[in-house]
Amino acid sequence: MSEPVQAAAPRRSLWQALGVDSRLLGMIGAFVVLCLVFDVITDGRFLTPRNIFNLSIQTVSVAIMATGMVFVIVTRHIDLSVGALLATCSAVMGVMQVWVLPQSMGLGIGHPAIAPLAMASGLLAGTVIGAFNGWLIGYQRIPAFIVTLGGLLIWRNVAWYLSDGQTLGPLDKTFVLFGGIEGTLGDTLSWAVGGLACLGVLWAIWRARADRIRHDFPVKPLWAEALIATLGVGTILGFVAILNSYAVPAARLRREFRLRGETMPEGYSEVFGLPISVLMLIVVAVAMTILARRTRLGRYIFAAGGNPDAAELSGINTRMLTVKVFALMGFLCGLSAIVAQARLQNHTNDIGTLDELRVIAAAVIGGTALSGGVGTIYGAILGAVIMQSLQSGMAMVGVDAPFQNIVVGLVLVLAVWIDIQYRKRTGEKS
Amino acid sequence: MTPLVEMRDISIAFGGVKAVDHVTVDLFPGEVVGLLGHNGAGKSTLIKCLSGAYQMDSGQIFINGDRVEIRNPRDARAHNIETIYQTLALADNLDAASNLFLGRELTTPLGFVDDAAMEAETRRIMGRLNPNFAKFKAPVKALSGGQRQSVAIARAVYFNARILIMDEPTAALGPQETQMVAELIQELKAQGLGIFLIEHDIHNVMKLCDRASVMKNGQLVGTVNVNAVTDEDILGMIILGKMPETGAPKMEGA
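- As annotated in an unreviewed UniProt entry, chain B carries the name Monosaccharide ABC transporter ATP-binding protein, CUT2 family and comes from Phaeovulum vinaykumarii.
- Quoted straight from UniProt, the Subcellular location (unreviewed entry) entry for chain B says "Cell membrane".

- If you check an unreviewed UniProt entry, chain A appears there as D-xylose transport system permease protein from Phaeovulum vinaykumarii.
- Taken verbatim from the UniProt record of chain A, the Subcellular location (unreviewed entry) comment is "Cell membrane".

### Some points on the overall build of chain B
No. 1: In terms of regular secondary structure, chain B is built from eight helices and ten strands.
No. 2: On C-alpha atoms alone, chain B measures out to a radius of gyration of 19 Å, which is about the 18 Å that the 2.2 N^0.38 rule sets for 254 residues.
No. 3: Scored against the burial criterion, the 254 residues of chain B give a buried share of 56%.
No. 4: Considering only intrachain contacts with a sequence separation of at least 6, the fraction spanning at least 24 residues in chain B is 65%.
No. 5: Entry remark: accessible area of chain B is about 10600 Å², with carbon and sulfur atoms responsible for 49%.
No. 6: Here chain B contributes 24 positive and 30 negative side-chain charges, whose respective centroids are spaced 4 Å apart.

### Examining the overall build of chain A
No. 1: A count of helical and extended segments in chain A gives 16 helices and zero strands.
No. 2: Taken over the C-alpha atoms alone, chain A extends approximately 70 × 60 × 50 Å along its principal axes.
No. 3: Counting every position in chain A, which comprises 430 residues, the buried fraction comes to 48%.
No. 4: Taking the intrachain contacts of chain A between residues at least 6 apart in sequence as the baseline, contacts between residues at least 24 apart amount to 79%.
No. 5: Working note: accessible area of chain A is about 20800 Å², and carbon and sulfur atoms make up 67% of it.

### With respect to the sheet that holds strand 8 (residues 194-198) of chain B
Residues and elements named next belong to chain B.
No. 1: Read across the open sheet, the six strands follow the order 6-7-8-3-9-10; overall the sheet is mixed. Each end of this open sheet is capped by a strand with a single partner; those strands are strand 6 (81-84) and strand 10 (219-225). Strand-to-strand twist across the sheet, computed as the mean angle between neighbouring axes with direction ignored, equals 15°.
No. 2: Strand contacts of helix 8 (residues 231-240): strand 3 (32-36), strand 9 (211-216) and strand 10, with the helix running at about 25° to strand 9, the strand carrying the most contacts.

### Let's talk about the interface of chain A and chain B
No. 1: Taken together, the 27 residues of chain A in the interface contact 29 residues of chain B.
No. 2: For the chain A and chain B pair, buried surface summed over both sides reaches about 2400 Å², with 57% attributable to carbon and sulfur atoms.
No. 3: Together, Arg-294, Arg-299 and Leu-313 of chain A form the three largest contributors to the area buried by chain A at its contact with chain B, with a combined 27%.
No. 4: On inspection of chain A and its partner chain B, the count reaches three salt bridges.
No. 5: One salt bridge connects Glu-119 of chain B with Arg-212 of chain A, and the closest N-O pair in it is separated by 3.5 Å.
No. 6: Summed over the shared surface of chain A and chain B, the result is eleven residue pairs in polar contact (both at pLDDT 80 or more).

### Thoughts on the pairing of strand 2 (residues 17-27) of chain B
All names here are of chain B.
No. 1: As paired strands, strand 1 (residues 5-14) and strand 2 are joined by seven bridges and run antiparallel to one another. Bridge assignment links Phe-14 to a residue of strand 2, and that residue is Val-17.
No. 2: Once strand 1 ends, the chain turns through two residues before running back antiparallel as strand 2, passing Gly-15 with a positive phi of about 50°.

### Points about the sheet that holds strand 2 of chain B
All names here are of chain B.
No. 1: The strand order 2-1-4-5 describes an open sheet built from four strands, whose pairing is antiparallel. Either end of the sheet is taken by a strand with one partner, and the two such strands are strand 2 and strand 5 (66-68). Direction aside, neighbouring strands of the sheet carry axes that sit 30° apart on average.
No. 2: Running at roughly 115° to strand 1, helix 1 (residues 43-51) makes contact with strand 1, strand 2 and strand 4 (58-63) of the sheet.

### Remarks on the environment of Val-181 of chain B
All names here are of chain B.
No. 1: Relative to the helices and strands, Val-181 resides in helix 6 (residues 175-190).
No. 2: Along the sequence, Val-181 and Glu-168 sit 13 residues apart, while their C-alpha atoms lie 11 Å from each other.
No. 3: With residues up to four places along the chain from it excluded, the contact list for Val-181 reads Gln-149, Ile-153, Pro-169, Thr-170 and Leu-173.

### Some points on the pattern of salt bridges
Pairs may arise between side chains of opposite charge once their charged atoms sit close together.
No. 1: In this structure the tally under the stated criterion is 20 salt bridges over all chains.
No. 2: Of the charged contacts, one joins Arg-67 of chain B and Glu-69 of chain B as a salt bridge, the two residues approaching to 3.9 Å between their closest N and O atoms.
No. 3: Look at Arg-67 of chain B and you get partly exposed, because its relative accessible area is 49%.
No. 4: Note on Glu-69 of chain B: relative accessible area 44%, which makes it partly exposed.
No. 5: One salt bridge connects Lys-189 of chain B with Asp-210 of chain B, and the closest N-O pair in it is separated by 3.1 Å. Placement of Lys-189 of chain B in helix 6 and of Asp-210 of chain B in the loop between helix 7 (202-208) and strand 9 is noted, with a sequence separation of 21 residues between them.
No. 6: Assessed through its relative accessible area of 25%, Asp-210 of chain B is described here as partly exposed.
No. 7: Overlapping salt bridges, with partners in common, bring together Arg-212 of chain A together with Glu-119, Arg-123 and Lys-137 of chain B in one network.

### Some thoughts on the packing of helix 7 (residues 186-214) of chain A against helix 8 (residues 222-244) of chain A
The angle between the axes and the distance between the axes are what describe a pair of packed helices.
All names here are of chain A.
No. 1: The contact between helix 7 and helix 8 brings their axes to 10 Å, and the two run at 165°. The pairing of helix 7 with helix 8 is recorded here as roughly antiparallel in orientation. Every pair of crossing elements has a handedness; the one defined by helix 7 and helix 8 is right-handed. Across from Gly-186, Asp-187, Ser-190, Trp-191, Gly-194, Ala-197, Cys-198, Val-201, Leu-202, Ile-205 and Arg-209 in helix 7, the residues of helix 8 making contact are Leu-222, Glu-225, Ile-228, Ala-229, Val-233, Ile-236, Leu-237, Val-240, Ala-241 and Asn-244.

Conventions used here
- Residues numbered from 1 in each chain as written.
- Chains lettered and ligands numbered in written order.
- Predicted model: local features only at pLDDT ≥ 70, side-chain atom pairs only at ≥ 80, totals over all residues.
- Heavy atoms only, no water.
- UniProt positions renumbered as here; feature names shortened; annotations may be inferred.
- Helix = DSSP H or I, 4+ residues; strand = E, 2+ residues; numbered from the N terminus.
- Rg over C-alpha atoms; globule rule 2.2 N^0.38 Å.
- Buried < 20%, exposed > 50% of the residue type's maximum accessible area, 1.4 Å probe, protein only.
- Contact = heavy atoms within 4.5 Å.
- Areas by Shrake-Rupley, 256 points an atom, 1.4 Å probe, with all protein chains shown as cover.
- Lys, Arg positive; Asp, Glu negative; His and termini not counted.
- Charge placed at Lys NZ, Arg CZ, Asp CG, Glu CD.
- Pairing = 2+ DSSP bridges.
- Axes fitted to C-alpha atoms, helices over the stretch in contact; angles between N-to-C directions.
- Buried area = accessible area lost by both parts, 1.4 Å probe.
- Salt bridge = Lys/Arg side-chain N within 4 Å of Asp/Glu carboxyl O.
- Polar contact = N/O pair within 3.5 Å; in protein donor to acceptor, adjacent residues only side chain to side chain.
- Parallel < 35°, antiparallel > 145°, perpendicular 65-115°, else oblique.
- Left-handed = near helix turned anticlockwise from the far one by under 90°.

What follows is the structure, given as structure tokens:
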């Protein structure tokens, strides 16, 4: 490794002390700048609780799939069929809750079993199709690019066939709670969830430190741990506070009271708080991070991506691993289908169109290397948030539609270029 | 005395080319047997039948006199056979501990991988094998050739290998690191391991091996006791495919 320039040395050691990925810091920095620029141009309309709420619920579907795409790309594969797979899962769930369960099976509209059964069918469809893709790639040795390029056409049109191309709705009342605005936790529950998350962060930091002390390993200085803990807790509580300051419009509350046959008391107010869909994304992010870092499966995914031969020679069944990775991707497509469909409150024929590109872009902007072996879950989610912010911000500013897509494309290429330069600079071979 | 390993009458062909043609070699505990020959002579292919990377077409493998089937690397590991590959079968993006325990991770009672325990074990064994080793947190691609080789050797030693296959372990190393590996081989030998050493450098063969089996064009030229022959005798076996005329006793399986 080349010696860093003298002047850069102290800053580098600060980062080392914090033990934080400097690439993550760069991404957060870029995101903050992006938000501030949009906020200035829109005269403060970008960073309002309402817009942040909307941004969050718009990001969830792509972000959930992006976490799965990290594993796919880390194992040196690609999945071009996620948008089409989402559509098939959505069509299965739409057909189940609008036609099959209430009518053919006679449960009747509004039966409490409809939502769970519909969701289970969509998740099952996604997992099975994903596993089948994985089998074609892992055991039959067909390149993932081809399998999923074919899959893009196949599953998009299976969805069309299943739904007769119709928009399926209205959806089950419980089901739409998972879409965002219809299902939020409100004031108290949001704070409770935020509090639990903070405890979780503190516990994880403390546990990691205690583990290292127990084995007599070098540990970060206490101030560094405290700074990271403060930043983590501050971010969580700040996010909850923002969502909790987005009040439900009075007209909407009045309508809800009227539907229940009551009148709204004078001065009554409610806030949205944390959407259930965002909570789902957080749970997925934590689960996927644990999977990546703390389980054998995760270790094997990264090993197989770093050196497939070494993984095979170490006794890892890399073919089965491919099946598992794609099955997981399929399951997450099903989960995203729940969120996407519930947010739109219908199954539409074009649901998830071009999502494969957004998902891949999110993972890549988030630092996942297409050469395999490198990628993080938090990076992919941050990538999805950046993409969505860029798109919404431009729409808010009034950038013409063609320019919006041109900018998104440019940002994708630029992000990868910066990543390559970064790796060169740090002496990392890519 | 029963050999630790006996590979009897092994043949393997790739698309009509006989890469290994009825070859028999054996290995005793506490012994280093060199496998020699030109590139393409079939020595790596032969040894991959033992490590489970290839499946032989015909022949038998005996471990401690028992017939065994080795279908994949997992089977080989189950017989305490460890391989150190020429290409260093390490996952470059993972750190030393993750590589050392790859496929055999230590886990917590809840079944999660226990990185701290693995790092502690790695620090312990590296303290013995290569005390200068310090980069426990870096991905192995940030390590030098010798450091990477010591990770590969540590992997074999840690899991109590009884049969070690080393495919040109010093090919990518500088003189000091080569010396380190040579000392390590002596130590492992003293512990009673049997080592198959694939090596091109005659000097290393004469220094490290007890016997040498020479292959040419997929066939075994013969096996000689290294103390009973000269460098020239062995070169003659490799290049001309002829046993030395001075009549070193030809050693067959017991």
